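# Fold and contact review
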Amino acid sequence: MQYPAEPGIMYQLAWNLTGTIKEHPQNLPEAVGIYEKILEICDEPQIRIKALRDLMYRYSTSGDEKKALETAGMLPDFENCREYNLGRSNLLSHRELAEYLQKNIRLYGSAMKECLEYFLDDSILSEADMYPYTIDAAKHKMDLLNQILA
């Protein structure tokens, strides 16, 4: 099947084919092919990053952990993300800067909470894997984050 050579449309099609993956696993190979084609033809950074992100998850879901990890390595790291750099760039000031930084605190805090959830019990990580964290330390950190984000 051929698709329009418009990466934005292709991205929407790939996303709609798989949804949350559990809903449409039969479409996973087709969606992976579309994401891969997007990366071949697209030079628009935002679409490429979204395609890489989604492709990482699709590879993982299909059991190809090697490709998933390789694809994850192509995503920008935290130090190169817009939120981090614009927040510290001196391009914003006064109320605009305060609002932007507050939004970032919520964003980073939510991301930290997602990471801490892995440490809240030993069903995913063993106590040895968690070291130097402990379940109690993770619960304490989660409580502090909840206070900060309240």
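Description of the structure in this document. (Residues numbered from 1 in each chain as written. Predicted model: local features only at pLDDT ≥ 70, side-chain atom pairs only at ≥ 80, totals over all residues. Heavy atoms only, no water.)

### A word on helix α1 (residues 7–18)
In this model, α1 (twelve residues) spans 17 Å end to end at C-alpha, consistent with the 16 Å of a helix rising 1.5 Å per residue. Residues of α1 that are buried include every one of Pro7, Met10, Tyr11, Ala14, Leu17 and Thr18, and no others. All buried residues of α1 fall inside an arc of 130 degrees around its axis, so they share one side. On its buried side, α1 packs onto α2 (28–41) and α3 (45–61). (Helix = DSSP H or I, 4+ residues; strand = E, 2+ residues; numbered from the N terminus. Expected span 1.5 Å × (residues − 1). Buried < 20%, exposed > 50% of the residue type's maximum accessible area, 1.4 Å probe, protein only. Arc of directions from axis to C-beta. Contact = heavy atoms within 4.5 Å.)

### A word on the packing of α3 against helix α4 (residues 65–72)
Remark: α3 packs on α4, axes separated minimally by 7 Å, with the N-to-C direction vectors making an angle of 165 degrees. Relative to α4, α3 is oriented roughly antiparallel. Like other packed secondary-structure pairs, α3 and α4 cross with a definite hand, here left-handed. For the pair formed by α3 and α4, the contact residues are Leu52, Leu55, Met56, Tyr59 and Ser60 on the first element and Glu65, Lys67, Ala68, Thr71 and Ala72 on the second. (Axes fitted to C-alpha atoms, helices over the stretch in contact; angles between N-to-C directions. Parallel < 35°, antiparallel > 145°, perpendicular 65-115°, else oblique. Left-handed = near helix turned anticlockwise from the far one by under 90°.)

### Digging into α2
The periodicity of an α-helix, 3.6 residues per turn, causes residues three or four places apart in sequence to face the same way. Over its 14 residues, α2 runs 20 Å from end to end, which matches the ideal 20 Å to within 8%, given 1.5 Å per residue. By the burial criterion, the buried members of α2 are Leu28, Ala31, Val32, Ile34, Tyr35, Ile38 and Leu39. Down the axis of α2, the sector holding all buried residues measures 160 degrees, keeping them to one side. Along α2, the residues that are exposed and aim more than 90 degrees away from the buried face are Pro29 and Glu40. Where α2 is buried, its residues meet α1 and α3.

### So, the layout of surface pockets
What the largest pocket holds in volume is close to 800 Å³. What lines the largest pocket is a set of 18 residues, among which Ile49, Arg53, Pro76, Cys81 and Glu83 lie closest to the centre. Mapped onto the lining of the largest pocket, the elements with two or more residues apiece are α3, α5 (82–87) and α6 (94–117). Among the elements that line the lining of the largest pocket, the one with the most residues is α3, at six residues. (1 Å grid on protein atoms, 1.4 Å probe; cavity = no way out; pocket = protein on both sides within 12 Å on 5 of 7 lines; lining within 4 Å. Points joined across faces, edges and corners; volume = space filled by probe spheres on them.)

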